[in-house]
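# Summary of structural features
Spelled out, the chains give:
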Amino acid sequence: MPQFRPFKGIRPTEETAQDFVTKSVDRYSKEELEDNLNTRNQSFLHVIEPTWDNSIENVNERFTKVRTVFDKLVDNRVLVQDKASFYIYQLIQPNGRQVKGLLGLVNINDYNENKIKKHEETIHRRVELFANYLKGSHLHAEPVLLTYKPAQRVDLLLETEMKRKPTLKIVDEEGVEHLLWRVDNRLNLKQFKDSIEKLNDLYIADGHHRMSSSAMYTENIASEYEDEVYGDETFNYTLAMLVSNDELIIKDYNRVIKDLNGLNKEEFIQKVEENFEVIPKGKELFVPTKKHHILMYLENEFYSIYPKNTNLDVEGLRELDTYIFEEHLLKPILDIHDTRNDKRIGFVAGTKDKDGIEVIKQQVDSGDFVAGFAFYPVSVNDLQLIADLGLKMPPKSTYIEPKPLSGFTIFDLKD
């Protein structure tokens, strides 16, 4: 059973929250970043601004400066520290869809022992870079998103706490409401802790690189200790948000291709037909309707393609259209074997509707790519099946929400 414990969260006040909390930096365009830095004087983007300040040549110095900026905001009371707490985080989208989760700390040893299960491979250079960031800043400002199979007791505890007035409430630029409740009553803390620790497994939904980086950070810090490490030191934990799997929003993650590996359209389709049924749809823009229904867009025309029942005997992976696509189209036809590093392939986050397909169409029509492929979203059951079997999905097989904001609650690894 995985450990779960409260922490002394550092967060903005009611007065500073709206300006301080931001989206993850990778969700901003360059222009949006510059605009936010110019108009929001004390946002979380200013805390991590040194990480992209090329005037500081030494990367580790950039990461150390992050800590310096952060400490000044604490000194100036832009940020305050609570006593040991769990936090309930709720997102309410403009369409009314609501997602709630519980913020706390999980133990890295549980991750190493596979009590916190993963389904995606990581890129070592990214893991190492973020581990160095942690070593310089000693801050977790974005939680790893973990999921669990529905637990009635946890839901009841969450709903009871959420009847109170939230500690913080902001609305982001996309109209999404973000609400935060602090749970610090000793009895309530114990009830949450006991309920979570009765769960058999936790699964990483989003944040594989952050989790792996935290494990590397823990290993690095532990190696510097002259005395024995007991396992309950702060550096053995990482910040996580736990969301029941029936509240996760899993969207498609799609592909665009730069060339057809020397084939013309007719030759390419002929090869695709060896392992897929190909149905022309003309100019009709559509969305894949079920598992194993893949959209292909090529030279201003759409196609439905369905994998034939051949060579799909790998338990778990045969459920994944992204895996089938890699094994029976990308590798044998397009000679793309390393989707993490091959610059002939691009990835497009989906929306589960025609808006996402329109993005693929625009990228192909612009001439930047020659073909696009869209998939039906992976189910949470298949995600957990892959993790339970100890297998890994192809990179960027899922786009998972909620996407917690950066800086709503911060875990200080020096605390």
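Details of the structure are given in the entry above.
Here's what I pulled together on the structure shown here. It should be emphasised that the depicted structure is a prediction, and the values quoted were computed from it without experimental measurement. (Residues numbered from 1 in each chain as written. Predicted model: local features only at pLDDT ≥ 70, side-chain atom pairs only at ≥ 80, totals over all residues. Heavy atoms only, no water.)

## Observations regarding the packing of aromatic side chains
The line we're drawing: Pairs were defined over the aromatic rings of Phe, Tyr and Trp, the Trp ring being its six-membered one, requiring ring centres within 6.5 Å. Orientation was assigned from the angle between planes: stacked under 30 degrees, edge-to-face over 60, tilted for the rest. In DSSP terms, a helix is any run of H or I states spanning at least four residues, a strand is any run of E spanning at least two, and both are numbered starting from the N terminus. Here the term buried applies to any residue with accessible area under 20% of the maximum for its type, exposed to any over 50%, and partly exposed to those in between, with areas from a 1.4 Å probe on protein chains only.
Applying the stated criterion to the full structure yields 13 aromatic pairs. Pairing phenylalanine 63 with tyrosine 133 gives two aromatic rings, centres 5.6 Å apart and planes at 85°, and the pair type is edge-to-face. With phenylalanine 63 in helix H4 (residues 59-75) and tyrosine 133 in helix H6 (residues 124-137), this pair connects stretches of sequence that are 70 residues apart. Exposure class is identical for phenylalanine 63 and tyrosine 133. Each is buried. On the numbers, 5.2 Å between centres and 75° between planes, the contact of tyrosine 89 with phenylalanine 408 is edge-to-face. Of this pair, tyrosine 89 sits in strand E3 (residues 86-92) while phenylalanine 408 sits in the loop between strand E19 (399-401) and strand E20 (411-412), and the two are 319 residues apart along the sequence. Given the relative accessible area of 1%, phenylalanine 408 is considered buried.

## Observations concerning the nonpolar core
Keep this limit in mind: The criterion is simple. A nonpolar core is a set of buried Ala, Val, Leu, Ile, Met, Phe, Trp, Tyr and Cys residues joined through side-chain atoms within 4.5 Å. Contact criterion: two residues are considered in contact whenever any of their non-hydrogen atoms come within 4.5 Å of each other.
Among the nonpolar cores identified, the biggest contains 54 residues, and Phe20, Val47, Leu79, Tyr89, Leu248 and Ile410 are the most heavily contacted of them. In this structure leucine 79 touches Ile10, Arg11, Pro12, Phe20, Phe70, Leu73, Val74 and Ile410, once residues within four positions along its chain are discounted. Core analysis: the second largest hydrophobic core is formed by 30 residues, Ile92, Ala151, Trp181 and Ala215 among them.

## Let's talk about the sheet that holds E3
Quick reminder of the rule: Two strands pair under a simple rule: DSSP has to find at least two bridges between them.
Judged by pairing direction, the sheet is mixed, and its 8 strands sit side by side in the order E5-E10-E7-E11-E4-E3-E9-E8 without closing on themselves. What marks the edges here is a single partner per strand, and that holds for strand E5 (116-117) and strand E8 (168-171). Bridge count between strand E7 (residues 144-148) and strand E10 (residues 202-206): 3 bridges; the pairing is antiparallel. Each bridged residue has a counterpart across the sheet, and for threonine 147 the counterpart in E10 is tyrosine 203.

## Brief notes about the pattern of salt bridges
Which entries qualify depends on this criterion: Throughout this description, the term salt bridge denotes a Lys or Arg side-chain nitrogen within 4 Å of a carboxyl oxygen of Asp or Glu.
For the coordinates displayed, the defined rule picks out 26 salt bridges. The partner of aspartate 206 in a salt bridge is arginine 210, with the nearest N and O atoms 4.0 Å apart. Owing to a relative accessible area of 21%, aspartate 206 belongs among the partly exposed residues under this scheme. A cluster of three or more residues bridged by salt bridges with shared partners is formed by Arg11, Asp82, Arg182 and Asp184.

## Focus on the pairing of E10
Across the 5 residues that make up E10, a large majority, 4, are buried. Bridge count between E5 and E10: 2 bridges; the pairing is parallel. Looking across to E10, one finds that lysine 117 is bridged to tyrosine 203.

## A word on helix H8 (residues 186-197)
Applicable threshold: Multiplying 1.5 Å by the residue count of a helix minus one yields the expected span of that helix. Polar contacts, as counted here, are pairs of nitrogen or oxygen atoms within 3.5 Å of one another; within protein the pair requires one atom able to donate a hydrogen and one able to accept it, and residues that are adjacent in sequence qualify only if both atoms are side-chain atoms.
Given a rise of 1.5 Å per residue, 12 residues ought to cover 16 Å, and the 16 Å separating the end C-alpha atoms of H8 matches this to within 8%. Among the residues of H8, those classed as buried are Asn188, Leu189, Phe192, Ser195, Ile196 and Glu197. Measuring from the side-chain oxygen of the N-cap residue of H8 to the backbone nitrogen of leucine 187 gives 2.9 Å; that N-cap residue is asparagine 185.

## Considerations on the sheet that holds strand E17 (residues 345-349)
Applied cut-off: In this analysis an axis means a line fitted to C-alpha atoms, helices contributing only their contacting stretch, and an angle means the value between N-to-C directions, from 0 to 180 degrees.
In space, the 6 strands of this open sheet follow the order E14-E16-E15-E18-E13-E17, with antiparallel pairing throughout. Looking along the sheet, the strands with just one partner apiece sit at the ends: strand E14 (276-282) and E17. The mean angle between the axes of side-by-side strands here comes to 25°, regardless of whether they run parallel or antiparallel. Two strands pair when backbone bridges link them, and strand E13 (residues 253-257) and strand E18 (residues 371-374) are joined in this way by 3 bridges, in the antiparallel orientation.

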